[in-house]
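For reference, the chains in residue letters:
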Amino acid sequence: MDQPTSGAGPADEADGGAEALGRPLPEGVRRRVIALVSDAFGALTVAELPAQLRQYARFTPTRRAKFAGNAMAAALESDAVFRQRIGERLGQSQPELTGALEAGAPPAAADPLDVAAAAYVLRPAGWAKLVESAGEEVQRADAERADEETRRELDQLREELERARAHTRTETERLRTELEAARKEAESLHRKLRSAFSEVKRGEAALRRSTAETDTVRAESAAQLSAVESESRRLKGRLGEAEAALEASRRAAREGRSVEDMRLRLLLDTVLDAASGLRRELALPPATTHPADTVDALEPGRMSPKDIAARALSETDPALLDQLLALPQAHLIVDGYNVTKTGYPQMPLEKQRLRLLGGLSVLAAQTGAEMTCVFDGAELAAPVLLAPPRGVRVLFSKPGVTADEVIRQLARAEPPGRPVVVVSTDREVADGVAKAGARPVASVLLLKRLSRV
């Protein structure tokens, strides 16, 4: 950046104040002068500004000081009228400092930079000395700060050197300890190596003995093999005789099978009559409830789920489901949303439920199996108006309980030995019900079977 040049303008020379700076304006004083000019700049009209500064008339003081600093410094140095106008604005904004400078007695407590900048603008008698003394004061303060920083850096370097020395001592001690440990380990390895060489020599001797023993065993094995072959031929002859005797006994068993069948049928009739008599003696009432009715869950008409994520699919043969449902007293437990999300996820939840329950009702009528459909009720927001179809039990899980847990409870509630089939693609559900003795099948299996209803 351009520095304001030393010397006075023509008006100063005419007034007899031809003072000049002996060296360039100190940088700190120069920045303070530009700040004063920038602040007073906005109070002047465009006509009162020098031609080279009029383009900066609409700038803020900060932008003006940043972009027009050199131009303002040059105009202040060369244009006495502009300098006089800036001085007038300075007198209005800082009357005490201006009055003290004109009286030749600057305030002792004032900032030297402010005094020097105001003196440079106002140009009172002795202004050059004020500017130069301010520059010296700034340089002295900078030198003191530099000395202080140097001392702090030196102290810091000394501390770092001391820490480095301490670290070096610690590392040296650690390395000595590690070296001693390494030496001891090397000695131990040498001892182990000598021991290993001894073991190898003993192993070689043992190998030679084993080779000799192996040759002896081979000779003995050859003799035994010959004897075994002779015994094998003898046993084959006896085996032929045993097969002939077995065939003869089979013929005799086939001839007497009708008698055994008659005895077995008589025993079965006896067991059935005993069971009927036991039922009459105990006077057991007909079964009106099922184990699935004891599971604590929400019935339809109370809450409605919002959404359940789709599960993975599995390709299987739907004929397997027909075989399972054909078993006596079969119970089919369906993970409702798992099936609907797999088969027709684009439909609203209400239509998904109705479509699935309608298919299950027809399947129940065709197979006669007990059927329970469980829907997840963890996010129920409103009552569900749903009438369960004939032959299908509909359950919703309570808040805080997932449908998967209700399904596992249903599977555990069944007595051992009853055929229970659980329809779900969820691997955790399948593993859980399998431990309870139920047979898990994929949701796509039920969807394929319902497509034939």
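Look up: the structure comes first, before these words.
One structure accompanies this document, and this report is about it. None of these values were measured; they are calculated from a predicted model.

1. Some words on the sheet that holds strand β1 (residues 331–335)
Ordered in space as β3-β2-β1-β4-β5, the 5 strands form an open sheet in which the pairing is parallel. With one partner strand each, in any of the chains shown, β3 (392–396) and β5 (439–441) form the two edges of the open sheet. When strand polarity is set aside, the average angle formed by the axes of neighbouring strands in this sheet is 20 degrees.

2. Observations concerning the side chain of D376
Looking at the element boundaries, D376 is found in the loop between β2 (370–375) and β3. In this structure D376 comes out as buried when scored by relative accessible area, which is 16%. Within the local environment of D376, its side chain forms a polar contact with the side chain of S397, the two groups lying 3.3 Å apart.

3. Examining the packing of aromatic side chains
Summed over the entire model, instances satisfying the criterion amount to 2 aromatic pairs. A network of ring pairs unites the aromatic residues Y337, F375 and F396 as a single cluster. For R63, the ring lying beneath its charged end belongs to F59, and the centroid distance is 4.4 Å.

4. Here's the deal with helix α14 (residues 427–435)
Those residues of α14 that fall on the buried side of the exposure criterion are V429, A430 and V433. Take α14 and look down its axis: the buried residues cluster within an arc of 100 degrees, on one side only. In α14, the exposed positions angled more than 90 degrees off the buried face are occupied by R427, E428 and K435. Structurally, α14 contributes buried residues whose contacts are with α13 (403–413), β4 (420–423) and β5. Here α14 starts with a cap whose side-chain oxygen sits 2.9 Å from the backbone nitrogen of E428, and that cap is D426. Positive backbone phi, approximately 95 degrees, marks G437, located one or two places after α14.

5. Let's talk about the pairing of β3
Taken across its 5 residues, β3 has 5 buried, putting it largely inside the fold. Taking every second residue as pointing to the same face, both faces of β3 are buried, with V392, V394 and F396 on one and R393 and L395 on the other. The pairing of β2 with β3 spans 5 bridges and is classified as parallel. Residue F375 lies in a different strand from β3, and its bridge partner there is F396.

6. Considerations on unusual backbone geometry
A positive phi is found at Q329, a non-glycine position, where the angle reads about 55 degrees. With respect to the helices and strands, Q329 occurs in the loop between α10 (319–325) and β1. Residue class for Q329 comes out exposed when judged on its relative accessible area of 60%.

7. Here's the deal with the nonpolar core
Core analysis: the largest hydrophobic core is formed by 34 residues, its most contacted members being V29, V33, L76, F82 and I86. Per-element tally for this core: the top contributor is helix α7 (residues 112–122), with 8 residues. Once residues lying within four places of it in the same chain are set aside, the contact partners of L76 are V33, V37, F82, R83, I86, Y120 and V121. In terms of nonpolar packing, the next biggest core, distinct from the first, is built from 30 residues, L324, V392, V421 and V441 among them.

8. As for the pairing of β4
Of the two faces of β4, the one holding V420 and V422 and the one holding V421 and V423 are both buried throughout. As judged from the 4 bridges shared by β1 and β4, these two strands associate in the parallel manner. The residue bridging L332 from the neighbouring strand is V421, located in β4. Here β4 pairs with β5 via 3 bridges, running parallel. Bridge pairing links V422 to P440 in β5. Following the chain from β4 across α14 to the adjacent parallel β5, one finds a crossover that is right-handed.

Basis of the calculations
Residues numbered from 1 in each chain as written. Predicted model: local features only at pLDDT ≥ 70, side-chain atom pairs only at ≥ 80, totals over all residues. Heavy atoms only, no water. Pairing = 2+ DSSP bridges. Helix = DSSP H or I, 4+ residues; strand = E, 2+ residues; numbered from the N terminus. Axes fitted to C-alpha atoms, helices over the stretch in contact; angles between N-to-C directions. Buried < 20%, exposed > 50% of the residue type's maximum accessible area, 1.4 Å probe, protein only. Polar contact = N/O pair within 3.5 Å; in protein donor to acceptor, adjacent residues only side chain to side chain. Phe/Tyr/Trp six-rings, centres within 6.5 Å; stacked < 30°, edge-to-face > 60°. Lys NZ or Arg CZ within 6 Å of the ring centre and 35° of its normal. Arc of directions from axis to C-beta. Contact = heavy atoms within 4.5 Å. Core = buried A, V, L, I, M, F, W, Y, C linked by side-chain atoms within 4.5 Å. Right-handed = clockwise from strand over helix to strand, strands pointing away.

Note that every value here comes from positions in space, so none of it alone points to a role or purpose.
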